[in-house]
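Letter by letter, the chains look like this.
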Amino acid sequence: DSGVTQTPKHLITATGQRVTLRCSPRSGDLSVYWYQQSLDQGLQFLIQYYNGEERAKGNILERFSAQQFPDLHSELNLSSLELGDSALYFCASVQGPWDNEQFFGPGTRLTVL
Amino acid sequence: GDSVTQMEGPVTLSEEAFLTINCTYTATGYPSLFWYVQYPGEGLQLLLKATKADDKGSNKGFEATYRKETTSFHLEKGSVQVSDSAVYFCALSAPGAGSYQLTFGKGTKLSVIP
């Protein structure tokens with residue numbers, strides 16, 4: 001158990017809908033990374049937050065957004081969903097901005113029908 | 001940009017066989033290198049890491065050496081077990097703009113048969 005929690009574990013929804021994925025980092029960790037794992041693209045970095053502020057952006061679509069709250073949990077919002085958004089979404093946490101050992105949550109499997 | 005290339009799977013080995021999974025990388029600067037493992041239905045777990053040239057990471061019988069001259073970080077294990085069956089990902093992080101996001105290879109699925 002990495003200490004990182006993600007909810008829900010599974011999510012099934014329809015095209016055009018909007019969903020929110022939640023991540024709680026390990027106790028004491030200030031930074032959260034989001035990754036997408038799909039059959040086509042493999043594992044891709046989406047976005048990073050550190051202590052409530054966006055720190056880096058990767059291959060994140062404009063339809064996707066994220067935020068980190070004062071209690072340090074993070075949410076990834078996916079809107080206008082398409083079939084191709086079906087994937088596993090992972091978050092990972094680290095203590096500080098310069099730590100490079102990331103601890104991954106179990107992931108949320110999103111299925112868009 | 002940064003990239004990681006690892007051997008495509010799947011790889012099927014008999015128990016106690018020797019394992020090598022090749023990984024090469026392209027990065028600017030001096031990246032840190034990682035191997036992550038993903039067991040069925042689970043998230044990624046860090047298996048080992050190396051942060052500078054000639055460092056050897058090791059864990060649970062797995063080893064990998066950071067070779068700057070060949071830009072490689074091959075994963076090896078002398079004697080695999082059925083419990084090692086999983087998907088293995090090579091990854092790098094090269095700090096840019098203050099972030100250590102990971103760049104992953106496509107993963108290699110290993111199946112070990114008794």
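None of these values were measured; they are calculated from a predicted model. (Residues numbered from 1 in each chain as written. Chains lettered and ligands numbered in written order. Predicted model: local features only at pLDDT ≥ 70, side-chain atom pairs only at ≥ 80, totals over all residues. Heavy atoms only, no water.)

A.B. asks: Looking at this structure, how should I read the overall build of chain A?
C.D. replies: In terms of helices and strands, chain A carries zero helices and 11 strands. Helices (α) and strands (β) of chain A occur, in sequence order from the N terminus, as β-β-β-β-β-β-β-β-β-β-β. Here the C-alpha radius of gyration of chain A, 13 Å, is about what a compact globule of 113 residues would show, namely 13 Å. Overall size of chain A, expressed as C-alpha extent along the three principal axes, is 35 × 30 × 25 Å. By the burial criterion, 52% of the 113 residues in chain A qualify as buried. Long-range pairs, those at least 24 residues apart, make up 54% of the contacts in chain A with a sequence separation of at least 6. Just so you have it, chain A exposes about 5,400 Å², and 47% of that area is on carbon and sulfur atoms. A gap of 3 Å separates the mean positions of the 8 positive and 12 negative side-chain charges of chain A. (Helix = DSSP H or I, 4+ residues; strand = E, 2+ residues; numbered from the N terminus. Rg over C-alpha atoms; globule rule 2.2 N^0.38 Å. Buried < 20%, exposed > 50% of the residue type's maximum accessible area, 1.4 Å probe, protein only. Contact = heavy atoms within 4.5 Å. Areas by Shrake-Rupley, 256 points an atom, 1.4 Å probe, with all protein chains shown as cover. Lys, Arg positive; Asp, Glu negative; His and termini not counted. Charge placed at Lys NZ, Arg CZ, Asp CG, Glu CD.)

A.B. asks: Just checking my understanding: could you explain the side chain of Asp 29 of chain A for this structure?
C.D. replies: Residue and element names in this part refer to chain A. With respect to the secondary-structure elements, Asp 29 resides in the loop between strand E3 (19–24) and strand E4 (31–38). Look at Asp 29 and you get buried, because its relative accessible area is 2%. Here the side chain of Asp 29 touches Arg 26 through a polar contact of 2.7 Å, side chain to side chain. (Polar contact = N/O pair within 3.5 Å; in protein donor to acceptor, adjacent residues only side chain to side chain.)

A.B. asks: I keep staring at the interface of chain B and chain A and nothing clicks. Help me out?
C.D. replies: Buried accessible area, meaning the area lost when the parts come together, often serves as the stated size of an interface. Taken residue by residue, the interface counts 21 residues in chain B and 21 residues in chain A. For the interface between chain B and chain A, the tally reads one salt bridge. A salt bridge links Glu 101 of chain A to Lys 49 of chain B, with the nearest nitrogen and oxygen atoms 3.1 Å apart. The tally of links from chain B across to chain A stands at six residue pairs in polar contact (both at pLDDT 80 or more). The element contributing the most residues to the side of chain B that touches chain A is strand E5 (residues 32–38) of chain B, with four residues. (Salt bridge = Lys/Arg side-chain N within 4 Å of Asp/Glu carboxyl O.)

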